[in-house]
Amino acid sequence: MTGGAAPPLLEVRDLSVVFPPRRGRPAMRAVDKVSFDIAPGETLGLVGESGSGKTTTGRAILQLQPATSGSVRLLGRDLGALPRGEMRAMRRHMQFVLQNPYSSLHPRMTVARILAEPLAVHGTVPKSRIAERVAELMTLVNMDPKAVSRYPHEFSGGQRQRIVIARALAVNPDFVVCDEPVSALDVRTQAQIVDLLRDLQDKLKLSYLFIAHDLAIVRAVAHRVAVMYGGSIVELGSAADVYDRPAHPYTRNLLDAVPIPDPAKQRAKLAAPAADPDFHGRGNVAGPCILGEDHGAAGTPEWHAIAPGHAISCRFWPPGAAPPRNA
C-alpha cells in the first residue's frame with residue numbers, strides 16, 4: 001500500500017531479520033516479513049512497544065543491520081544487491097536521525113567539523129564551499145551559524161538534536177529514518193523539533209520513516225501509520241484510520257494504554273472492562289482476529305482490508321470455530 005499515486009520512493013518487501021543463537025539462547029526473529037512503501041514527501045509512522053522490532057526494521061532498511069531475507073528498494077534500486085562502492089554512493093540518499101542527541105555527536109569535534117565530515121566523504125560540494133554549506137545547514141535548522149566553532153557539550157539537548165538533523169541533511173538525502181528523535185527531550189523542545197521536521201519536509205520534499213513509541217507525536221507528524229507487534233506489522237493505514245478507527249486488537253490495546261490528561265476520564269477509563277483480546281471484524285472481515293506471539297503456530301497471518309488503504313494482519317477463524325490451542 002502506498003500513500004499516493006506517485007511511484008514509491010522506498011519499497012520494503014518481506015523484510016526479515018533473524019539473530020542467530022548465542023550463549024545457549026535460541027535464534028530470535030526480530031523482524032518478520034515486513035512490507036510497506038513510502039511515497040515521495042510522505043511520513044510513515046512506525047509504532048509499537050519496546051522490543052517490537054521498530055529500530056531493527058529501520059536499521060535493516062538502511063543496510064546497517066544485515067537482513068536475513070526480503071528486499072529494500074530505494075529510488076528503484078535494490079540496496080541488498082548493490083556492490084560496496086555503489087552502496088556507499090547510495091548512502092547519500094538515505095540518512096539516520098538517532099534517538100539520543102547526547103551520544104550521537106562526537107564530543108571532541110566542533111560543530112563545523114561534524115557538519116563538514118559528510119560533505120567531505122560524499123564530495124557533494126567543493127572544498128572551497130564547505131564552510132558556506134555548513135553555515136547554510138545551521139540556518140536551515142534555525143541555529144546561529146556563528147556557533148559552529150563550539151563543541152556539542154556547549155549546547156542544550158534540543159540544540160544538539162538540531163545539529164544531528166543538520167548533519168543528516170548535509171548531503172541532500174531523499175529519505176530519512178527518524179528513530180525516536182524526540183524521546184530524550186522535554187515536551188516543549190519535542191514540539192519545536194517536530195515542527196522543524198515538518199517544515200524541512202515541506203521545504204526539501206523529504207520522506208520519513210518516523211519510529212516512536214509516543215503515539216501523540218506520531219499522530220502529529222505521520223501521514224500513514226504502521227503498527228508493529230512481535231516483529232510484524234499488524235495494522236497499516238492513514239493516521240486518521242488507525243487512531244480513530246483502530247481495527248486490530250493490539251492497536252486498540254495500545255491506544256487504550258495512553259493516559260488521559262483529565263483525571264476523572266482517566267479513572268473512568270481504568271475502571272472500564274478490559275478489551276477482549278479477540279476482535280470480531282467489521283465489513284468484509286468475518287470471524288475473530290486472534291492475537292498471539294507465535295505467528296507460526298497457525299500459519300502466516302493474512303492481510304484483510306478494513307477500508308480502502310486500511311488493512312490488518314490477522315489469523316481469522318470461521319464464527320463459532322475454536323482456534324488452535326497455541327494460537
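Residues numbered from 1 in each chain as written. Predicted model: local features only at pLDDT ≥ 70, side-chain atom pairs only at ≥ 80, totals over all residues. Heavy atoms only, no water.

As for the overall build of the chain
Then, in step 1: The number of helices and strands found in the chain is 10 helices and 14 strands.
Then, in step 2: In the chain, buried positions account for 47% of the 327 residues.
Then, in step 3: Sequence-distant contacts in the chain: of pairs separated by 6 or more residues, those separated by 24 or more amount to 65%.
Then, in step 4: When the accessible surface of the chain is totalled, it reaches about 16300 Å², and 52% of it is carbon and sulfur. (Helix = DSSP H or I, 4+ residues; strand = E, 2+ residues; numbered from the N terminus. Buried < 20%, exposed > 50% of the residue type's maximum accessible area, 1.4 Å probe, protein only. Contact = heavy atoms within 4.5 Å. Areas by Shrake-Rupley, 256 points an atom, 1.4 Å probe, with all protein chains shown as cover.)

Some thoughts on the packing of aromatic side chains
Then, in step 1: Under the defined criterion, the tally for this structure stands at one aromatic pair.
Then, in step 2: The aromatic ring of Phe-155 is capped on one face by Arg-150, whose charged end is 4.3 Å from the ring centroid. (Phe/Tyr/Trp six-rings, centres within 6.5 Å; stacked < 30°, edge-to-face > 60°. Lys NZ or Arg CZ within 6 Å of the ring centre and 35° of its normal.)

A word on the nonpolar core
Then, in step 1: Within the largest apolar cluster, 55 residues are counted, with the highest numbers of intra-cluster contacts made by Ile-165 and Val-225.
Then, in step 2: At six residues, helix H5 (residues 157–169) tops the list of elements feeding residues into this core.
Then, in step 3: In contact with Val-225, not counting residues within four places along its chain, are Leu-44, Gly-45, Val-47, Val-218, Glu-235, Leu-236, Gly-237, Ser-238, Ala-239, Val-242 and Tyr-243.
Then, in step 4: In terms of nonpolar packing, the next biggest core, distinct from the first, is built from 31 residues, Val-12, Leu-15, Met-90 and Ile-211 among them. (Core = buried A, V, L, I, M, F, W, Y, C linked by side-chain atoms within 4.5 Å.)

Side note on the sheet that holds strand E1 (residues 10–19)
Then, in step 1: The strand order across the open sheet built from four strands is E2-E1-E4-E5, with neighbouring strands paired in antiparallel fashion. Strands with a single pairing partner mark the edges of an open sheet, and in this sheet they are strand E2 (28–38) and strand E5 (77–78).
Then, in step 2: Bridge analysis of strand E4 (residues 69–74) against E5 gives two bridges, and the strand direction is antiparallel. Residue pairing for E5: Arg-73 is matched across the bridge by Asp-78.
Then, in step 3: Sitting on the sheet, helix H1 (residues 54–61) is in contact with E1, E2 and E4, with an inclination near 115° to E1. (Pairing = 2+ DSSP bridges. Axes fitted to C-alpha atoms, helices over the stretch in contact; angles between N-to-C directions.)

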